[in-house]
Amino acid sequence: MGATEHGVELAPLTTMRVGGPADTLVTAETLDEVVAAVRAADEAGTPLLLLSGGSNLVIADDGFRGTVVRIATKGVRVESTHDEHVDVVVAAGEVWDDVVARAVAEGWSGIEALSGIPGLAGATPVQNVGAYGQEVAQTITRVRVWDRDERRERTFAAQECAFTYRHSVFKETGRHVVLEVTFRLGRGGLSAPVAYADLARQLGVEQGERVPLAAAREAVLAQRGIRGMVLDAADHDTWSCGSFFTNPILPAGRFDELVERAAQRLGPQGPTPPVFPAGEGLVKTSAAWLIDQAGFGKGHAMPGPAALSTKHTLAVTNRGTATAADIAALAREVRDGVESAFGVTLVNEPVFVGHEL
């Protein structure tokens with residue numbers, strides 16, 4: 001079932017570095033150990049928390065009254081190679097950025113813009129991880145899971161995963177435990193078309209152009225570093241869950257209302273909300289813009305114990321001594337302030353465990 005410990009503090013196992021102890025912590029290093037630990041908890045009726053890289057969790061100060069299964073499986077294997085692509089099967093416990101670095105080194109394209117994202121590979125399909133114009137839904141072909149309801153292994157084809165912006169069928173419930181993810185990556189050594197304007201500017205190319213994979217990865221890491229989004233134990237701006245709120249997706253009519261609210265608040269000649277296409281009748285706007293224009297600038301609430309990043313308004317950070325309650329209070333202040341200013345309710349990206357926003 002894996003190595004079992006009791007009363008282990010969970011804060012050091014998360015990137016936000018908050019949260020109390022777990023009653024039981026099982027570290028599972030093989031697929032069989034993952035399944036055995038999950039089955040044992042379910043059969044005993046014990047509450048279960050799956051812990052991947054801890055980059056998307058805000059665990060309550062009381063900790064977790066139940067079993068935490070820490071996914072520590074390893075393995076990256078090439079399943080098949082074709083002229084233009086390669087199919088790669090990745091164990092859920094692989095460090096995600098190590099997988100991206102391996103892909104870049106091998107000349108496999110399609111995930112290079114996802115460099116520097118903390119966490120493990122098994123978490124990427126759950127919230128359809130994305131950044132800089134890429135998301136894993138573009139390359140995932142199937143996801144192998146343990147189905148806790150049916151007590152059997154299942155394989156989801158990409159279309160069955162119901163991927164949308166920062167969401168999938170796996171995020172809706174705790175029913176499915178991701179065991180392996182299969183990616184179809186391009187071959188040839190060039191990146192996917194550069195889709196993000198800041199990235200294109202840094203690379204000195206037009207959006208839509210391709211660049212060498214190593215150059216794309218280096219540029220992404222630089223962009224993330226500017227925003228405090230590359231983990232660094234010495235930099236409290238990185239003691240976070242990355243982007244704390246998702247970018248709102250609104251019906252076109254609601255976005256028009258937002259533009260009117262912004263004009264009333266910021267003046268008719270003032271800045272206007274960014275707008276991006278998001279499917280028929282929908283538009284996406286910027287959570288960071290809303291936060292900033294609602295009066296919560298970089299470093300809001302410094303010196304803490306919880307504050308917005310000094311580099312990026314979208315990150316709620318632990319300045320070193322924050323509790324989970326401190327993190328939640330600041331996030332609530334920002335969410336409610338944006339709603340009051342603009343009538344848009346921001347949705348938190350990280351999962352709250354044992355408490356609510």
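Residues numbered from 1 in each chain as written. Predicted model: local features only at pLDDT ≥ 70, side-chain atom pairs only at ≥ 80, totals over all residues. Heavy atoms only, no water.

(A) Just the domain arrangement of the chain, in detail. Once the domains are mapped, the chain shows domain 1 (3-71), domain 2 (76-226) and domain 3 (236-353). Using C-alpha coordinates to define each centre, domain 2 is positioned 26 Å away from domain 3. Every contact between the two is made by six residues of domain 2 and, on the other side, six residues of domain 3. Buried surface at the junction of domain 2 and domain 3, summed over both partners, amounts to about 500 Å²; 50% is from carbon and sulfur atoms. The largest share of the area that domain 2 buries against domain 3 comes from Tyr-165, Arg-166 and Ile-226, three residues that together contribute 70% of it. There are two residue pairs in polar contact (both at pLDDT 80 or more) connecting domain 2 and domain 3. Here the residues of the side of domain 2 that touches domain 3 are counted per class, giving two nonpolar, two polar and two charged. (Domains from an automatic or database assignment. Contact = heavy atoms within 4.5 Å. Buried area = accessible area lost by both parts, 1.4 Å probe. Polar contact = N/O pair within 3.5 Å; in protein donor to acceptor, adjacent residues only side chain to side chain. Nonpolar A, V, L, I, M, F, W, Y, C, P; charged D, E, K, R; others polar.)

(B) Broad picture of helix α7 (residues 324-342). Counted at 1.5 Å a residue, the expected span for α7 with its 19 residues is 27 Å, and the 27 Å between its end C-alpha atoms agrees. Residues of α7 that are buried sit in contact with β4 (57-59), α5 (252-266), α6 (287-293), β17 (306-308), β18 (316-318) and β19 (351-353). Positive phi shows up at Gly-343, right after α7, with a value of about 75 degrees. (Helix = DSSP H or I, 4+ residues; strand = E, 2+ residues; numbered from the N terminus. Expected span 1.5 Å × (residues − 1).)

(C) Inspection of the UniProt feature "active site" (unreviewed entry) in the chain at higher detail. UniProt annotation of "active site" (unreviewed entry) refers to Arg-166, Ser-243 and Glu-349 when read in the numbering used here. Maximum C-alpha separation among the annotated residues is 11.3 Å over a sequence range of 184 residues, consistent with a single clustered spot. Within the element layout of this structure, Arg-166 appears in the loop between β12 (152-157) and β13 (176-187). Setting aside chain neighbours within four positions, we find Arg-166 in contact with Gln-127, Asn-128, Val-129, Gly-130, Ala-131, Glu-135, Lys-171, Thr-246 and Glu-349. Here the side chain of Arg-166 touches Asn-128 through a polar contact of 3.5 Å, landing on its backbone oxygen. Structurally, the position occupied by Glu-349 is in the loop between α7 and β19. Every residue in contact with Glu-349, bar those within four places of it in the chain, is listed here: Asn-56, Gln-127, Arg-166, Lys-171, Ser-243, Phe-244, Phe-245 and Thr-246. (UniProt positions renumbered as here; feature names shortened; annotations may be inferred.)

(D) Representation of the sheet that holds strand β3 (residues 48-51) in the model. Pairing within the open sheet is mixed, and its four strands lie in the order β1-β2-β5-β3. Each having just a single partner strand, β1 (3-9) and β3 make up the two edges of the open sheet. Strand-to-strand twist of the sheet, defined as the mean angle between neighbouring strand axes without regard to direction, takes the value 30 degrees. Where β1 and strand β2 (residues 21-28) come together, six bridges link them in antiparallel fashion. Paired with Glu-9 across the strands is Pro-21, a residue of β2. (Pairing = 2+ DSSP bridges. Axes fitted to C-alpha atoms, helices over the stretch in contact; angles between N-to-C directions.)

(E) Summary view of the pattern of salt bridges. The final tally for this structure, using the stated rule, is 23 salt bridges. Residue Glu-257 is joined to Arg-254 by a salt bridge in which the shortest nitrogen-to-oxygen separation is 3.3 Å. Highlighted residues: Glu-257 and Arg-254, both in helix α5, separated by three residues, approximately one helical turn. Here Glu-257 falls in the partly exposed class, since its relative accessible area comes to 44%. A single salt-bridge network, built from bridges that share partners, covers Asp-147, Asp-149, Glu-150, Arg-152, Arg-154 and Arg-175. (Salt bridge = Lys/Arg side-chain N within 4 Å of Asp/Glu carboxyl O. Buried < 20%, exposed > 50% of the residue type's maximum accessible area, 1.4 Å probe, protein only.)

(F) Geometry of the UniProt feature "domain: FAD-binding PCMH-type" (unreviewed entry) in the chain. Mapped onto this numbering, the UniProt entry gives "domain: FAD-binding PCMH-type" (unreviewed entry) at residues 18-188. Split by type, residues 18-188 is 15% helix and 40% strand. Its first and last C-alpha atoms lie 43 Å apart.

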